[in-house]
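Structural characterization, general
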Amino acid sequence: MKINLNKEFDFRKVLEKESKERNIILTPKMIEKFELYKDLLLTWNKKINLTAIVDEYEIIMKHFIDCLELVKYIGAEDKVIDVGTGAGFPGIVIAIYFDGKMNITLLDALNKRIQFLDEVINKLELENVTLVHGRAEESAKKIDYREKYDIVVSRAVASLPVLLEYEVPYIKLNGKCLIMKGDNVETEIKNSKRALDILSCKINHTFVYRYQVYDEEYTRTILEIQKYKKTDNKYPRNNGQIKKNPL
């Protein structure tokens, strides 16, 4: 979609059109919630660092449209956790799309972001969304979260070997990680063979999609990684070990 910068920008119409072009249908209620989410994001961003993206069209494309690609691979019956959710990407986007029909947990280590997300959930009246303030490697050891989820989602929070150790302990046997990455994932995949083996996982699918923002095209990848054996209790290790000696 080509945006005419000389015309008045209609957030709702642009979001509706861009999502429809990707076979993602948003109801007027969802679009209204996305607009409110955008407003809260920009307001809070003046107080705490949530995003470097403040242009409304870029927010639509780089945050909302980007994260909405995930809903093609998630079902309303799935129990989902977003590890390292940050400002709610992709977790809040998923919650808006499924409109209370799915249970989703948002995990983040920074309390200020949790406070922001709490306001988003309340103002958008999002149901079946749980906030957890904690570190990924510590929460994964707790009985309430360990191997309790069908799907773990995350967006570009660390290299793949590191991400796998953080995330795989959360998913049930035969559960999946849906990890969002940029276009150069082949090297990361090669460097993750040992981690995949140790954590008893395999890459089932690689989904590639593209979108354009003004004159620049972006290529993105979603890795679908399945767990075929329970995770050894020694994983995840502590944060220092994970970063110093990735699997």
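Below, the structure is looked at part by part.

Calculation rules
Residues numbered from 1 in each chain as written. Predicted model: local features only at pLDDT ≥ 70, side-chain atom pairs only at ≥ 80, totals over all residues. Heavy atoms only, no water. Helix = DSSP H or I, 4+ residues; strand = E, 2+ residues; numbered from the N terminus. Buried < 20%, exposed > 50% of the residue type's maximum accessible area, 1.4 Å probe, protein only. Core = buried A, V, L, I, M, F, W, Y, C linked by side-chain atoms within 4.5 Å. Contact = heavy atoms within 4.5 Å. Pairing = 2+ DSSP bridges. Expected span 1.5 Å × (residues − 1). Axes fitted to C-alpha atoms, helices over the stretch in contact; angles between N-to-C directions.

Topic: unusual backbone geometry
Only a minority of non-glycine residues have a phi that is not negative, and only a minority of peptide bonds are not trans. Note the cis peptide between Phe 89 and Pro 90, where omega equals 10°. Within the secondary structure, Pro 90 sits in the loop between strand E1 (80-83) and helix H4 (91-98). With phi around 50°, Asp 99 is a residue other than glycine that occupies positive phi space. By the element assignment, Asp 99 lies in the loop between H4 and strand E2 (104-108). Since its relative accessible area comes to 27%, Asp 99 is described here as partly exposed. One non-glycine residue, Tyr 214, adopts positive backbone phi at about 55°. Take Tyr 214: it is sitting in the loop between strand E6 (201-213) and strand E7 (216-227).

Some remarks on the nonpolar core
Leu 15, Tyr 37, Phe 64, Ile 74, Ile 92 and Phe 116 are the most contacted members of the largest nonpolar core, which totals 55 residues. In this structure, Phe 64 is in contact with Phe 11, Leu 15, Phe 34, Tyr 37, Lys 38, Ile 59, Phe 89 and Val 93, ignoring residues within four places of it in sequence. By size, the runner-up hydrophobic cluster in this structure holds 30 residues, among which are Ala 140, Tyr 149, Val 162 and Cys 177.

Details of the pairing of E2
For E2, a buried count of five out of five residues is recorded, marking the element as mostly surrounded by other parts of the structure. Neither face of E2 is open: one carries Ile 104, Leu 106 and Asp 108, the other Thr 105 and Leu 107, and all of them are buried. Summarising the sheet, E1 and E2 pair through four bridges and their orientation is parallel. Looking across to E2, one finds that Val 83 is bridged to Leu 107.

Some details on helix H2 (residues 28-45)
The end-to-end C-alpha separation of H2 is 26 Å, in line with the 26 Å expected for 18 residues at 1.5 Å each. Looking at the packing, one finds that the buried side of H2 touches helix H1 (11-20), helix H3 (56-68), H4 and helix H5 (111-124).

Looking at the sheet that holds strand E3 (residues 129-133)
Taken together, the seven strands give an open sheet; going across it, the order is E3-E2-E1-E4-E5-E7-E6, and neighbouring strands pair in mixed fashion. The sheet terminates laterally at E3 and E6, the two strands that pair on one side only. Averaged over all pairs of adjacent strands, the angle between strand axes in this sheet comes to 20°, irrespective of strand direction. Each of E1, E2, E3 and strand E4 (149-155) is contacted by H4, which is oriented at about 165° to E2, the strand it contacts most. With respect to the sheet, H5 is in contact with E2 and E3, its orientation differing from that of E3 by roughly 165°.

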